[in-house]
Amino acid sequence: VAEPRDVEAWTILGVTRARAGRASDAEAAYATALELNPSHALALAGRGSLLDGEAAVAAFEAAIEAYPRLVEAHVGLANELGGARGLQLLRRAGDALPESATLHGAIVTRAVAAGDPGGAVAYLQDVLTDPMMQSPSVYALAAELPVDRRSDALALLEQGAAQYPTNARIAVAKARVERLSG
């Protein structure tokens, strides 16, 4: 680290080490960042991603308290909590961060994995009634619906294509749905 008191440099080092699979090195980098700034949201969330159980929950909650718009902390906390409680947390976060396709995608993925593709469709349809949530990325989430919901997925993608006729993400999502469904 070029500047030993640079909390951002230590946090970035933690992220890169974690992505490289060097968990103990990442933990050390996050610990140094948190010594410099105990409320650094990214370092807290990064540290939480290396922990389990109550320690992870506490780190993610501290990250959210430090920066309520940190999507990674919300998703990490929801993953740690799991089940209905995690889904409820994601829905609240999705309402607070309507522009986050990542959060909406996590909700759709969880609903499908829980065996509720109808709930995933209903969620996407509801989300897309709000102009703040209408983006090519959110429309493209329809491609995450199971094959048996092909007609719902294509209807959502057609709406997206009508609103964003030149968007490649929507075109790719539509092609994917058509290819997977034969």
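The structure reproduced in this document is the subject of the present report. Nothing here was measured: the structure is a model prediction, and the numbers come from that model.

Conventions adopted
- Here the residue index of a chain counts from 1 through its sequence in written order.
- Local features in this predicted model are restricted to residues of pLDDT 70 or higher, and side-chain atom pairs are both shown and tallied only at a pLDDT of 80 or more, whereas totals for entire chains, interfaces and linings draw on every residue.
- Values reported for side chains reflect all heavy atoms of the structure, with hydrogen atoms and water molecules removed beforehand.
- Note on conventions: DSSP H or I runs of at least 4 residues are helices, E runs of at least 2 residues are strands, and numbering of each starts at the N terminus.
- Burial classification: accessible surface area is computed with a 1.4 Å probe over protein chains only, and a residue below 20% of its type maximum counts as buried, one above 50% as exposed, and the rest as partly exposed.
- Here, two residues are considered to be in contact whenever any of their heavy atoms come within 4.5 Å of each other.
- Within this scheme the basic residues Lys and Arg register as positive and the acidic residues Asp and Glu register as negative, but His and the chain ends are omitted.
- Note that the charge is assigned to NZ on lysines, CZ on arginines, CG on aspartates and CD on glutamates.

1. Remarks on the overall build of the chain
Point 1. Per the secondary structure count, the chain includes eleven helices and zero strands.
Point 2. Counting from the amino terminus, the chain carries its helices and strands in the arrangement α-α-α-α-α-α-α-α-α-α-α.
Point 3. Taking the principal axes of its C-alpha atoms as reference, the chain extends roughly 55 × 35 × 30 Å.
Point 4. The 182 residues of the chain split such that 41% are buried.
Point 5. Of all intrachain contacts in the chain linking residues separated by at least 6 positions in sequence, the fraction that spans at least 24 positions is 46%.
Point 6. Here the chain contributes 16 positively and 22 negatively charged side chains, and the mean placements of these two sets differ by 5 Å.

2. Describing the environment of Arg149
Point 1. For Arg149, the position within the fold is in the loop between helix 9 (136-140) and helix 10 (150-163).
Point 2. On the basis of relative accessible area, Arg149 is assigned to the partly exposed category, the value being 24%.
Point 3. Between the C-alpha atoms of Arg149 and Pro117, which are 32 residues apart in sequence, the distance is 7.4 Å.

By themselves, these are just geometric observations and shouldn't be taken as functional.
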